[in-house]
Amino acid sequence: MRVVSGIQPTGNLHLGNYLGAIRNWVKMQDEMEEGSECLFFLADLHAISMPHDPAELRSGTLEMVAALVACGIDPSRSVLFNQAQVPAHTELQWLLNGTARMGWLNRMTQFKDKSGKNREGSSVALFTYPVLQAADVLLYQATHVPVGDDQKQHLELARDIAQKFNNDFCTEDAPVFTLPDPIVPPEAARIMSLRDGSAKMSKSDPSEMSRINLVDDADTIIKKVKKAKSDADALPSEEKGLEGRPEAQNLVTIYAAVTGESVDQVLGRFGGEGFGKFKPALGEVLVETLAPISERFRDLKSDRESLDAILARGAAKAREIGRPTIDKTYQALGLVRG
Ligand code: TYM
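Cut-offs applied
Numbering of residues starts from 1 in every chain and runs along the sequence as written. Per-residue local features are limited, in this predicted model, to residues with pLDDT of at least 70; the limit for side-chain atom pairs, both in listing and counting, is 80 or more; totals at the level of whole chains, interfaces and linings are taken over all residues. UniProt positions are given in the numbering used here, feature names are shortened, and annotations may be inferred rather than shown by experiment. Runs of H or I in DSSP of at least four residues are treated as helices and runs of E of at least two as strands, each being numbered from the N terminus. Reported domain spans reflect what an automatic or database domain assignment gives. This entry defines residue contacts through backbone-placed C-beta atoms, with two residues in contact when those atoms are within 7 Å. Structural elements are reduced to axes, namely lines fitted to C-alpha atoms, with helices fitted over the stretch in contact, and the angle between N-to-C directions of any two is expressed from 0 to 180 degrees. Two helices cross in a left-handed way if the nearer one is turned anticlockwise from the farther one by less than a right angle. They cross in a right-handed way if the turn is clockwise. Ten residue types, Ala, Val, Leu, Ile, Met, Phe, Trp, Tyr, Cys and Pro, are classed as nonpolar, four, Asp, Glu, Lys and Arg, as charged, and the remainder, Gly among them, as polar. What makes a residue near a molecule or strand is its C-beta atom, placed from the backbone, lying within 6 Å of it. Any helix carries an expected span of 1.5 Å times its number of residues minus one. A residue's bend is given by the angle between axes fitted to the 7 residues ending at it and the 7 residues starting at it. Counts of 20 or more other C-beta atoms within 10 Å of a residue's own C-beta define buried residues, counts of 12 or fewer define exposed ones, and intermediate counts define partly exposed ones; C-beta atoms are placed from the backbone.

(A) Highlighting the UniProt feature "short sequence motif: 'HIGH' region" (unreviewed entry) in the protein. With numbering aligned to this structure, UniProt lists the feature "short sequence motif: 'HIGH' region" (unreviewed entry) at residues 9-17. Between the C-alpha atoms that bound residues 9-17 the distance is 11 Å, and the span itself is 33% helix and 0% strand.

(B) Seen up close, the domain arrangement of the protein. Assigned domains within the protein: domain 1 (2-183 + 304-333) and domain 2 (208-299). Here domain 1 and domain 2 have C-alpha centroids that lie 30 Å from each other. If you look at the interface, domain 1 gives 11 residues, while domain 2 gives 10 residues. Every element with two or more residues in the side of domain 1 that touches domain 2 is listed here: helix 1 (15-30) and helix 3 (54-71).

(C) Representation of the packing of helix 4 (residues 88-97) against helix 7 (residues 124-138). Viewed as axis vectors pointing N to C, helix 4 and helix 7 meet at an angle of 115°, and their least axial separation amounts to 8 Å. The interaxial crossing formed by helix 4 with helix 7 has right-handed handedness. On helix 7, the residues touching His89, Leu92, Gln93, Leu96 and Asn97 of helix 4 are Val131, Leu132, Ala134, Ala135, Asp136 and Leu138. Broken down by class, the residue content of the contact of helix 4 with helix 7 amounts to seven nonpolar, three polar and one charged.

(D) Layout of the site of the ligand. Of all residues adjacent to the ligand, which total 24 residues, the nearest are Gly16, Gly20, Ala21, Val147 and Gly148. Contributing elements (two or more residues each) for the shell around the ligand: strand 1 (2-7), helix 1 and helix 7. Among the elements that take part in the shell around the ligand, helix 1 stands out by supplying four residues, more than any other. Here the shell around the ligand is composed, by residue class, of nine nonpolar, 11 polar and four charged.

(E) Highlighting unusual backbone geometry. A positive phi angle is found at Gln141, which is not glycine, with a value near 55°. Following the sequence through the fold, Gln141 ends up in the loop between helix 7 and strand 4 (144-146).

(F) Here's a closer look at helix 7. End to end, helix 7 covers 22 Å across 15 residues, agreeing with the expected 21 Å (1.5 Å per residue, within 8%). At Pro130, helix 7 shows its largest bend, some 40°. Within the sequence span of helix 7, burial applies to Tyr129, Pro130, Val131, Leu132, Gln133, Ala134, Ala135, Asp136, Val137 and Leu138. Contacts made by the buried residues of helix 7 are with strand 1, helix 2 (44-47), helix 4, helix 5 (102-106), strand 4 and helix 8 (152-169).

Laid out in structure tokens, this is it:
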């Protein structure tokens, strides 16, 4: 089993990232068996597909390492690195560009969302980004990729590229690429904005009140929950009563995901109550879960030397693990390298 996943190091790690992906990374790392391996990386090369500030990307990358370690990623057990220190990611992307089809990329909803009405003015990188994402996982022969719901389509594309490459250039008994499986949590796969129950919680939302950051202090968390959009009705006693109430649904889902209960269990306790009672309870469980993470984060983030060392060590290991795949890919394509 080889687990691979990534996160863009832009902006703060938020509750959606944590409940949708990072918590699963930690779980998979902690349950890893002998002979299995976990690789987690900062998708810094992906971050240049949108307008960005280089100084912020630099500091954001180091802060994201600190945040991941604070969440429980242990760099002595998992390979933790950033793409920019492992040139094989971009190398493999080019090699896969020959296999990926324009029509496949044209269907990617994230490109449509992020380019919006400005398709002609979008960067080429934003369009070809999913091929780099395919390279990220195929390079390491990933078997499992823990992600939130919004990345499922990119993972399907990675499987299509792997399958086509294996079909076109390999014999049946010696495929170059393993087909990766997305691992999406059954609940919390899509945490929504606190201001709008129909938009996902996102780093790029201009409103800070739309998301809870893992490094927010207790007062900020409680304030954001208190101001979260809700409705005037009491909570129902069963999940189906939440239909058509996206904001209520989201807040109850967050409570359930954080405490590890089912939505019905939470409603069993809070059914009949209004948000005046539910929101303070939600604030409390969030503070309890996030306070130890933000405390560890504050200690780690100023230790620049340790953070650089973690990334350097992780990148060296990643380069080693990825090398055989790169060699096999050049060979399969008939490229002469001496
Ligand atoms: P990114 O940086 O947007 O998000 C990192 C992870 O967090 C999940 N996530 C969410 N889950 C639930 N609710 C939300 N509101 C929410 N917002 C984000 C994402 O699904 C993701 O798992 N393209 C990727 C990074 C990437 C990657 C990869 C991931 C690059 N290469 C290879 C997996 C494998 C991205 O931008 O994630």
